[in-house]
Amino acid sequence: MKKPFVYITRKLESDIVEKLGNIAEVQMWDSIEKPVPYDILKEKASKAHALLTMVSDKVDESLIASAPYLKVIANLGVGYDNIAVHEATKRKILVCNTPDVLSDTTADLTFALLMATARRIVEGHEYIKKGHWQDWNPYLMAGYDIHHKTIGIVGMGRIGEKVAKRATGFEMNILYHNRSRKQKAEEELGAKYVSFEELLGQSDFVVSLAPLTPETKGMFNRKAFSLMKNSAIFINAGRGLVMNEADLYDALVNKEIAAAGLDVFEKEPISANHPLLKLQNVVVLPHIGSASLETRKKMMKLAVDNIDLALQGKEPKALVNR
Ligand code: DGY
C-alpha cells in the first residue's frame, strides 16, 4: 500500500521528523527561516494526508477544500487562528496544536517584556550604546515599580496562570478576566475574577494573553485604553489582532496610558516604519513568546507525535476540534 504523504512547512532537523519516515513519505519546505509560499503549500496540501504547519502559515478554507486526502493538520503553536478550523471540522480533518509544553517559556517572556517595559531596560541599553550616558541624575531612566502593583490578566488560560504564578513572586495583586472562572488560580494564586472594565480601571499592568476569536478581535480599542490608568502599562503577548494598533498609538501619544510592551502585532512582521516603533515608551519583540531552544524542540516533537498518532488512526495528544 502507498504510504501517506506528510508535508512540513519548514525544514526541521531529521532526528525530530524521523519517526514519521517509518510510516509516511515526508517532504519539507527547504528553509527553516523563510516560509513556504501559499501557492506551493496549497499544491502540496492537495496531495497530503498530513500537514505540519507554522502559526504564520495561512491554512484557509480554500486550501482545506482543495485537500481531499487530508486527515490531520498539526500546528506548531498553542494558537491556531491561522487555520480555518470550522472547514477542517466539516471535512473531518483533525486540527492539533502544541499546548502545555510552551506555557512556562511563554510566561517567562511575557514577564520579561513587562519588566523591560516598566523598567526601561531597552531604552537604558540603547542610551549607553549611543554614548548618551554622560552624567547620573536621580530621575535617569526612572520607570515604574512592578512589586506590589496590580496585574490584570486578560485570557487566563494555561499561560495566563503561569504569568499569575510569577506575579505572586513580586507580591502583586492579581486580577483576571476570562470566558470562564478559574477556581484553581483563585484558590492557589489568589487571583480575583473581575469584569473587563474593572480590570482595565484597576490594573497597573494590563496583560493580554487572549486567543484571537470573533469575541476578542479588537477588544483593546480606544474605549478600552481610555478606561486604563494614565500610568498603566499594556503588554500583549497573545495575538496582535485583539488590539487596535491605531488606537493604542493614540492612547500612548495622548498619555492616556504610560507604555506598551508588544510581542505580537496586527500584521506580522510589523513594518520598521510603523508609527508605534517611533515611540520611546514602546518595547517590541518579533513574536518570540515560546522561542527557547528547549521549548521549540518540544513543540516540534509534539506536532510530530500528533501527526504520527493521527495517521495511525489514534487520538492525537493535543486535538483542537474533538
Ligand atoms: C503560539 O504558540 O501560538 C505562539 O504564538 C507561536 O508559537
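These numbers come from a predicted model, not from an experiment.

**Examining the overall build of the chain**
Okay, step 1: Looking only at helices and strands, one finds 12 helices and 12 strands in the chain.
Okay, step 2: Taking 2.2 N^0.38 as the reference for a compact globule, 322 residues should give roughly 20 Å; the C-alpha atoms of the chain span a radius of gyration of 21 Å, in line with that estimate.
Okay, step 3: Here the C-alpha coordinates of the chain stretch approximately 75 × 45 × 30 Å along the principal axes.
Okay, step 4: Within the span of the chain, comprising 322 residues, buried residues form 43% of the whole.

**Some points on unusual backbone geometry**
It is generally the case that most residues other than glycine have a negative phi and that most peptide bonds are trans.
Okay, step 1: Residue Pro 269 is reached from Glu 268 by a cis peptide bond, and omega for that bond is -5 degrees.
Okay, step 2: Tracing the sequence through the fold places Pro 269 in the loop between strand E11 (259-262) and strand E12 (282-284).
Okay, step 3: In this structure, Arg 120 is a non-glycine residue whose phi angle is positive, near 55 degrees.
Okay, step 4: Given 20 C-beta atoms within a 10 Å radius, Arg 120 is considered buried.
Okay, step 5: At Lys 255, a position not held by glycine, the phi torsion is positive, near 60 degrees.
Okay, step 6: As for its placement among the helices and strands, Lys 255 is situated in the loop between helix H11 (245-253) and E11.

**Notes on the domain arrangement of the chain**
Okay, step 1: Domain annotation for the chain reports domain 1 (5-100 + 293-311) and domain 2 (103-284).
Okay, step 2: For domain 1 and domain 2, the distance between their C-alpha centroids amounts to 31 Å.
Okay, step 3: Taken together, the contact pairs 6 residues of domain 1 with 7 residues of domain 2.
Okay, step 4: Broken down by class, the residue content of the side of domain 1 that touches domain 2 amounts to 1 nonpolar, 3 polar and 2 charged.

**Let's talk about the site of the ligand**
Okay, step 1: In the vicinity of the ligand, the residues found are Val 55, Gly 77, Val 78, Gly 79, Leu 102, Gly 289 and Ser 290.
Okay, step 2: Grouping the constituent residues of the shell around the ligand by class yields 3 nonpolar, 4 polar and no charged.

**A short note on the pairing of E11**
Okay, step 1: By the alternation rule, side chains of E11 split into Ala 259 and Gly 261 and Ala 260 and Leu 262, which are all buried.
Okay, step 2: Of the strand pairs in this sheet, strand E10 (residues 233-236) and E11 are connected by 4 bridges, and their pairing is parallel. Its bridge partner lying in E11, Asn 236 is registered against Leu 262.
Okay, step 3: Handedness of the E10-H11-E11 crossover: right-handed.
Okay, step 4: Bridging between E11 and E12 involves 3 bridges; their strand directions are parallel. For Gly 261, the partnering residue across the bridge sits in E12 and is Val 283.

**A few points about the sheet that holds strand E6 (residues 150-154)**
Backbone-to-backbone hydrogen bonds pair the strands of a sheet. The strands run either parallel or antiparallel.
Okay, step 1: The strand order across the open sheet built from 7 strands is E8-E7-E6-E9-E10-E11-E12, with neighbouring strands paired in parallel fashion. Among the strands making up the open sheet, the edge pair consists of strand E8 (192-193) and E12.
Okay, step 2: As defined by bridge partners, E6 adjoins strand E9 (residues 205-208) across 4 bridges and the pair is classed as parallel. Bridging from a neighbouring strand, Gly 152 pairs with Val 206 of E9.

**Quick notes on the environment of Ala 185**
Okay, step 1: Tracing the backbone shows Ala 185 in helix H8 (residues 183-189).
Okay, step 2: Overall, the presence of 21 C-beta atoms within 10 Å leaves Ala 185 in the buried class.
Okay, step 3: Discounting chain neighbours no more than four positions away, the residues touching Ala 185 are Met 156, Glu 161, Ala 164, Tyr 176 and Ala 191.

Reading the values: the criteria
- Residues numbered from 1 in each chain as written.
- Predicted model: local features only at pLDDT ≥ 70, side-chain atom pairs only at ≥ 80, totals over all residues.
- Helix = DSSP H or I, 4+ residues; strand = E, 2+ residues; numbered from the N terminus.
- Rg over C-alpha atoms; globule rule 2.2 N^0.38 Å.
- Buried ≥ 20, exposed ≤ 12 C-beta atoms within 10 Å, placed from the backbone.
- Domains from an automatic or database assignment.
- Contact = placed C-beta atoms within 7 Å.
- Nonpolar A, V, L, I, M, F, W, Y, C, P; charged D, E, K, R; others polar.
- Near = placed C-beta within 6 Å.
- Pairing = 2+ DSSP bridges.
- Right-handed = clockwise from strand over helix to strand, strands pointing away.

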